[in-house]
Each structure stands twice: as structure tokens, then as C-alpha cells.
Amino acid sequence: MLASAAGWAWPQAVRDIFKPRGVNLLMAEKASDFVSIIANTRIHTTIVDVDADRPTGLATVKIIRLGYPTVPCILLTSRTDRDMLCRALQLDVFAVVGKPVNLDILQELLHRLFLKRYDSDLFAR
């Protein structure tokens with residue numbers, strides 16, 4: 001799993017929850033880091049914090065989509081208005097999660113994503 005770095009504790013919380021399942025969480029500081037990591041490592045999902053990624057997390061998703069259009073993406077944002085949801089839909093984002101992130105909801109989304117995409121119940125409770 002590949003996630004954007006954030007100025008808050010959620011990446012460590014995700015790492016602590018999913019590491020026992022054998023899930024490695026890689027962190028990317030900027031869009032070019034995402035592309036470099038995806039190019040060199042098998043990534044099953046990206047999680048982009050729209051608020052932490054400057055100038056915009058949506059630009060990061062656009063860049064990822066150019067080279068890796070099939071990699072699933074989950075967006076985290078404090079702005080879950082209609083405009084953000086429409087933009088996410090245009091970028092074929094799997095889900096948009098409002099902040100503060102509820103880790104139970106994130107786990108459920110990952111469970112659905114992995115069942116649908118990889119036929120895996122890795123994130124089942």
C-alpha cells in the first residue's frame with residue numbers, strides 16, 4: 001500500500017493496524033515519489049491525503065493515472081463537498097474519506113476494494 005505523507009498520525013495508525021496482516025505501508029512526500037515507488041514496487045492501492053499534498057492531492061492522482069491508470073486510489077480530505085466528489089469520480093477514485101479518518105471505515109473500504117479488485121479477504125474483520 002502506498003500513502004501520502006501527512007502531518008498527522010494516521011500513517012502510523014494504518015501501519016500498526018495492517019502490519020500484522022503482512023501489508024507494507026510505503027510513504028510518498030510528493031507526486032514524483034508516488035510515480036517512482038509505483039514504477040519500482042508492486043502497489044495494490046494508493047491513499048492520497050488531498051490536504052497534505054501540495055499544491056493539490058488531485059494533481060497527484062492525475063499524475064498517477066497518466067502512468068498507472070488501474071492502480072486503485074482512496075482520497076482523504078477535509079473537503080467532501082460536491083466539487084471534490086465530482087473531481088474524484090472523474091479520476092476514477094475508489095473512495096473519498098472525510099477527515100478526521102475513521103480507521104474502521106478505512107478498513108472496510110480496503111476490504112471492499114481488495115474483494116472487488118483482487119478477490120482477497122485480507123482486510124476482513
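A quick note: this is a predicted structure, and the numbers were derived from the prediction, not measured.

Draft legend 1. View of the environment of Gly57. Mapping Gly57 onto the fold places it in helix H3 (residues 57-67). We classify Gly57 as buried; its relative accessible area is 0%. Residues Gly57 and Lys30, spaced 27 residues apart in sequence, show a C-alpha to C-alpha distance of 9.0 Å. Ignoring anything within four residues of it in the chain, the contact list for Gly57 reads Val48 and Val50.

Draft legend 2. Spatial organisation of the pattern of salt bridges. One pass over the structure, following the stated rule, counts 7 salt bridges. Salt bridges sharing common partners tie together Arg79, Asp81, Asp83 and Arg87.

Draft legend 3. Representation of the packing of helix H1 (residues 10-18) against helix H5 (residues 103-118) in the model. Contact geometry of H1 with H5 gives a least axis separation of 11 Å together with a crossing angle of 55°. Relative to H5, the element H1 is oriented oblique. Two packed elements cross with a definite hand, and for H1 against H5 that hand is right-handed. Where H1 abuts H5, its residues Ala13, Val14, Ile17 and Phe18 lie against Leu103, Leu106, Gln107 and Leu110. When its residues are assigned to classes, the contact of H1 with H5 shows 7 nonpolar, 1 polar and no charged.

Each value, and the rule that gives it
- Residues numbered from 1 in each chain as written.
- Predicted model: local features only at pLDDT ≥ 70, side-chain atom pairs only at ≥ 80, totals over all residues.
- Heavy atoms only, no water.
- Helix = DSSP H or I, 4+ residues; strand = E, 2+ residues; numbered from the N terminus.
- Buried < 20%, exposed > 50% of the residue type's maximum accessible area, 1.4 Å probe, protein only.
- Contact = heavy atoms within 4.5 Å.
- Salt bridge = Lys/Arg side-chain N within 4 Å of Asp/Glu carboxyl O.
- Axes fitted to C-alpha atoms, helices over the stretch in contact; angles between N-to-C directions.
- Parallel < 35°, antiparallel > 145°, perpendicular 65-115°, else oblique.
- Left-handed = near helix turned anticlockwise from the far one by under 90°.
- Nonpolar A, V, L, I, M, F, W, Y, C, P; charged D, E, K, R; others polar.

By themselves these figures say nothing about function.
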